[in-house]
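Here are the chains, one letter per residue:
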Amino acid sequence: RTGQSVLISDMDHVRHVRSLSATDDGRVLASCDWNGSIGVWKFNGDEKSFSKIDPKALPVFVDLSDDGKRMLVGTESFPDENLKSQILLYDVESTPPRRLSQRVVPQDVRAGVIDQDHRQAIVAQGVHVEVYTYDAEGKFLKEDPKYLTVPVQPVRHVAFAKDNGSYKIAFGWKGDGKGGTKLE
């Protein structure tokens, strides 16, 4: 917001960063890497705090709610370590961020977004986009998720954009020959 660059060296990502999320006002920033670490930075004027989280999983994405109070994390399975794919919900207002709930999901999560207004976690996994609901305390409900029909299979990448209270979703399913995925 200030137009000034800030070097953030607290997080020592030893492998590639997989995902990065920030609130619109720039007060909170979160990242995850291939090594399984999550970093959360909070900025308040000249004050900065940093927390490193070990989710005991392999995070694929992080997404912060618009108000910066909640963070959704999607993970992938890793059979050698007996890790299952799951979605995790954190309270980012606490320091360090506190895990509120987790839910095992049937397939590796590729992308996701948190909708704090409707208390929903919208995630892409395998050939589905699923919508999971959580309560006011941040606990995932035990009910089955809602399934969205997708135009491509398998879903490899998803981009979400909030537009006047609803979401626009772009799906990627095939490579572009350059290591990327074309979104449609």
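Residues numbered from 1 in each chain as written. Predicted model: local features only at pLDDT ≥ 70, side-chain atom pairs only at ≥ 80, totals over all residues. Heavy atoms only, no water.

(A) Broad picture of the packing of aromatic side chains. Per the counting criterion, the structure on display carries two aromatic pairs. Look at Trp41 and Phe50: their rings are 5.1 Å apart centre to centre, the planes differ by 45°, and that puts the pair in the tilted class. A centroid spacing of 6.2 Å and a plane angle of 85° characterise the contact between Tyr134 and Phe140, whose relative ring orientation is edge-to-face. What makes Tyr134 buried here is its relative accessible area of 3%. Judged by relative accessible area, Phe140 falls into the buried class, the value being 11%. Across from the ring centre of Trp34, 3.7 Å away, lies the NZ or CZ of Arg18, which sits over that ring. (Phe/Tyr/Trp six-rings, centres within 6.5 Å; stacked < 30°, edge-to-face > 60°. Buried < 20%, exposed > 50% of the residue type's maximum accessible area, 1.4 Å probe, protein only. Lys NZ or Arg CZ within 6 Å of the ring centre and 35° of its normal.)

(B) Focus on the side chain of Thr23. In this structure, Thr23 sits in the loop between strand 1 (17–22) and strand 2 (28–33). Among the polar contacts listed, one links the side chain of Thr23 to the backbone nitrogen of Arg27, at a separation of 3.2 Å. (Helix = DSSP H or I, 4+ residues; strand = E, 2+ residues; numbered from the N terminus. Polar contact = N/O pair within 3.5 Å; in protein donor to acceptor, adjacent residues only side chain to side chain.)

(C) Quick peek at the sheet that holds strand 10 (residues 120–125). Read from one edge of the open sheet, four strands run 9-10-11-12, paired in antiparallel fashion. The open sheet has two edge strands, strand 9 (109–115) and strand 12 (146–148), and neither has a second partner. Direction aside, the axes of adjacent strands within the sheet are offset by 25° on average. (Pairing = 2+ DSSP bridges. Axes fitted to C-alpha atoms, helices over the stretch in contact; angles between N-to-C directions.)

(D) View of the environment of Ser51. Residue position: Ser51 is located in strand 4 (residues 47–53). Each C-alpha atom, one on Ser51 and one on Val92, is 9.9 Å from the other, the two residues being 41 residues apart in sequence. Residues in contact with Ser51, not counting those within four places in the same chain, are Ile38, Gly39, Val40, Thr95, Pro96 and Pro97. (Contact = heavy atoms within 4.5 Å.)

(E) Here's a closer look at the pattern of salt bridges. This model, assessed by the stated rule, comprises five salt bridges. Two residues, Arg18 and Glu76, come together in a salt bridge whose shortest N-O distance is 3.1 Å. On the criterion of sequence distance, the pair formed by Arg18 in strand 1 and Glu76 in strand 6 (residues 70–76) is long-range, its members being 58 residues apart. Among the salt bridges present, the one from Asp54 reaches Lys56, with a minimum N-O distance of 3.1 Å. One salt-bridge network, in which partners are shared between bridges, spans Arg70, Asp91 and Arg98. (Salt bridge = Lys/Arg side-chain N within 4 Å of Asp/Glu carboxyl O.)

(F) Representation of the nonpolar core in the model. Membership of the largest hydrophobic core comes to 13 residues, with the highest contact counts inside it found for Ile38, Val40, Val62, Met71 and Val73. When residues of this core are traced back to their parent elements, those giving at least two are strand 2, strand 3 (38–44), strand 5 (58–64), strand 6 and strand 7 (86–91). A total of three residues in this core trace back to one element, the largest contributor, which is strand 2. Among the nonpolar cores identified, the runner-up in size contains twelve residues, and Leu89, Val109, Tyr132 and Phe140 belong to it. (Core = buried A, V, L, I, M, F, W, Y, C linked by side-chain atoms within 4.5 Å.)

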